[in-house]
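Residue-level structural notes
Each chain, letter by letter, is given below.
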Amino acid sequence: MTVEDFLRGVVTDSLPNFNGNIHDANGMSFPEFLSEKSTETPSIFISYEGFSDVEYYSDGSGNVLTENYSLYIRCNDSVKTHVKALMVALGGEYSEFTDDDIVVKYVQIISGQTFRDNGADAFEITLQIK
């Protein structure tokens, strides 16, 4: 399973009202998402933000690659309820998954921040996948 598939499953299970409006970031910037894909609320944007923690040692081995993701939530009601549901899901039974290469990956919530988008409540959750 890819990280995007995993995150889509978490959203589907914990926030059923968002089904049908879960989008990934392939080839799209966040402003493009807001103006083109997120026309209906509630909606979620899954964004791959790159990787970090890459260190290689003299023997050719390296430490665990950390992938960085953001979930952007957009809704017309209070975003707090949706954020709490996702945090419970990601912090509990969904804190790990197995990827396509049969490697167990762990999810860590790093931070979150709220913002307003044309009158809608919006929130960004920053995640690391290790």
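The following refers to the structure shown. Keep in mind that what you see is a predicted model, and the values were worked out from it rather than measured.

**Some points on the overall build of the chain**
Per the secondary structure count, the chain includes 3 helices and 6 strands. When its helices and strands are written in sequence order, the chain yields α-β-α-β-β-α-β-β-β. Here the chain, with 130 residues, has 42% of them falling under the buried criterion. Carbon and sulfur atoms make up 49% of the accessible area of the chain, which totals about 7,300 Å².

**Side note on the pairing of strand β2 (residues 43–52)**
Of the strand pairs in this sheet, strand β1 (residues 22–24) and β2 are connected by 3 bridges, and their pairing is parallel. Its bridge partner lying in β2, Ile-22 is registered against Ile-44. Relative to strand β3 (residues 66–75), β2 is paired through 9 bridges, and the arrangement is antiparallel. Bridging across to β3, Ile-46 finds its partner in Leu-71.

**Examining the packing of helix α1 (residues 3–14) against helix α3 (residues 79–91)**
For the pair α1 and α3, the least separation of the axes is 10 Å and the interaxial angle reads 125°. By the angle between their axes, α1 is oblique relative to α3. Relative to α3, the crossing made by α1 is right-handed. Mapping the contact onto sequence places Phe-6, Leu-7, Val-10, Val-11 and Ser-14 in α1 and Ala-85, Leu-86, Ala-89 and Leu-90 in α3. The class makeup of the residues in the contact of α1 with α3 is 8 nonpolar, 1 polar and no charged.

**A few points about the pattern of salt bridges**
Charged atoms that come close allow side chains of opposite charge to pair. Under the counting rule described, the total for this entry stands at 3 salt bridges. Asp-99 is paired through a salt bridge with Lys-105; the nearest N and O atoms lie 3.9 Å apart. Comparing Asp-99 with Lys-105 shows no difference in burial state: the two are buried. Each of the salt bridges in this network shares a partner with another, and the network as a whole consists of Asp-5, Arg-8 and Asp-24.

**Some thoughts on the side chain of Asn-68**
Here Asn-68 lies in strand β3. A polar contact of 3.5 Å, which involves the side chain of Asn-68, links it to the side chain of Ser-52. Once residues lying within four places of it in the same chain are set aside, the contact partners of Asn-68 are Ser-47, Tyr-48, Glu-49, Gly-50, Phe-51, Ser-52, Leu-127 and Gln-128.

Reading the values: rules and limits
- Residues numbered from 1 in each chain as written.
- Predicted model: local features only at pLDDT ≥ 70, side-chain atom pairs only at ≥ 80, totals over all residues.
- Heavy atoms only, no water.
- Helix = DSSP H or I, 4+ residues; strand = E, 2+ residues; numbered from the N terminus.
- Buried < 20%, exposed > 50% of the residue type's maximum accessible area, 1.4 Å probe, protein only.
- Areas by Shrake-Rupley, 256 points an atom, 1.4 Å probe, with all protein chains shown as cover.
- Pairing = 2+ DSSP bridges.
- Axes fitted to C-alpha atoms, helices over the stretch in contact; angles between N-to-C directions.
- Parallel < 35°, antiparallel > 145°, perpendicular 65-115°, else oblique.
- Left-handed = near helix turned anticlockwise from the far one by under 90°.
- Contact = heavy atoms within 4.5 Å.
- Nonpolar A, V, L, I, M, F, W, Y, C, P; charged D, E, K, R; others polar.
- Salt bridge = Lys/Arg side-chain N within 4 Å of Asp/Glu carboxyl O.
- Polar contact = N/O pair within 3.5 Å; in protein donor to acceptor, adjacent residues only side chain to side chain.

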